[in-house]
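# Structural description and commentary
Chain by chain, the residues run as shown.
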Amino acid sequence: MKNIQDKKLEETIKNLIEDPINKMGYILVDVKFTTEEAYEGERALVITIDKSNSGKGITIDDCAKVSRRIGKILDKADLIKESYILEVSSPGVKETVTLPEWNEE
């Protein structure tokens, strides 16, 4: 179960990076600050993005571009005091639809 500090941090980060991500032509789908087996016990900030109304999927180049941009923003804001892994990824085909506009036909 996620603690309240992590939830507040996720919300603060979301507010900080959503506009820059949108200006790059992407949608911020999710922000998750987590410790999972996949990260071998290290903390990870997982940012999930998608393309706005393009009908095309996210590429690794898209993820790298967004990672570089938000990495600078996060470094400057200095919100996370511990070491962490920054991961930017696409929702993938198995992800649950969480944005209202994804349900529009």
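Everything in this summary refers to the structure shown in the same document. (Residues numbered from 1 in each chain as written. Predicted model: local features only at pLDDT ≥ 70, side-chain atom pairs only at ≥ 80, totals over all residues. Heavy atoms only, no water.)

### Here's the deal with the packing of aromatic side chains
- The full count for this structure, using the stated rule, is one aromatic pair.
- Ring centres 6.4 Å apart and planes at 75° place the aromatic pair Phe 33 and Tyr 84 in the edge-to-face group. One end of the pair, Phe 33, is in strand β1 (residues 26-35); the other, Tyr 84, is in the loop between α2 (60-77) and β3 (85-89), and 51 residues separate them in sequence. (Phe/Tyr/Trp six-rings, centres within 6.5 Å; stacked < 30°, edge-to-face > 60°. Helix = DSSP H or I, 4+ residues; strand = E, 2+ residues; numbered from the N terminus.)

### Observations regarding the nonpolar core
- Core analysis: the biggest nonpolar cluster contains 19 residues, and Ile 13, Ile 17, Ile 21, Leu 45, Ile 47 and Ile 49 have the highest contact counts within it.
- Breaking this core down by element, the ones donating at least two residues are α1 (4-23), β1, β2 (43-51) and α2.
- Counting residues per element, this core draws most heavily on α2, which supplies five residues.
- Every residue in contact with Leu 45, bar those within four places of it in the chain, is listed here: Ile 13, Val 31, Lys 32, Phe 33, Leu 74, Ile 80, Tyr 84, Ile 85, Leu 86 and Glu 87. (Core = buried A, V, L, I, M, F, W, Y, C linked by side-chain atoms within 4.5 Å. Buried < 20%, exposed > 50% of the residue type's maximum accessible area, 1.4 Å probe, protein only. Contact = heavy atoms within 4.5 Å.)

### Quick look at α1
- Under the 1.5 Å per step criterion, the end-to-end length of α1 is 29 Å for 20 residues, consistent within 8% with the ideal 28 Å.
- Considering bend angle alone, the principal kink of α1 is centred on Ile 17 and spans about 35°; proline Pro 20 follows within four residues of it.
- Taken together, the buried positions of α1 are occupied by Asp 6, Leu 9, Glu 10, Ile 13, Ile 17, Pro 20 and Ile 21.
- Between a side-chain oxygen at the N-terminus of α1 and the backbone nitrogen of Gln 5 the separation is 3.0 Å; the capping residue is Asn 3.
- Backbone geometry just after α1 places Gly 25 at a positive phi near 95°. (Expected span 1.5 Å × (residues − 1). Bend = angle between axes of the 7 residues up to and from the residue. Polar contact = N/O pair within 3.5 Å; in protein donor to acceptor, adjacent residues only side chain to side chain.)

### A word on the pattern of salt bridges
- As enumerated under the stated definition, the model contains five salt bridges in all.
- Among the salt bridges present, the one from Arg 43 reaches Glu 82, with a minimum N-O distance of 3.6 Å. You can see Arg 43 sitting in strand β2 and its partner Glu 82 sitting in the loop between α2 and β3, a full 39 residues away along the chain.
- Here Lys 51 makes a salt bridge to Asp 62, at a shortest N to O gap of 3.3 Å. With Lys 51 in strand β2 and Asp 62 in helix α2, this pair connects stretches of sequence that are 11 residues apart.
- Residue Asp 62 is classed as buried on the basis of its relative accessible area, which comes to 8%.
- What emerges from the salt-bridge pattern is a single network uniting Asp 6, Arg 43 and Glu 82. (Salt bridge = Lys/Arg side-chain N within 4 Å of Asp/Glu carboxyl O.)

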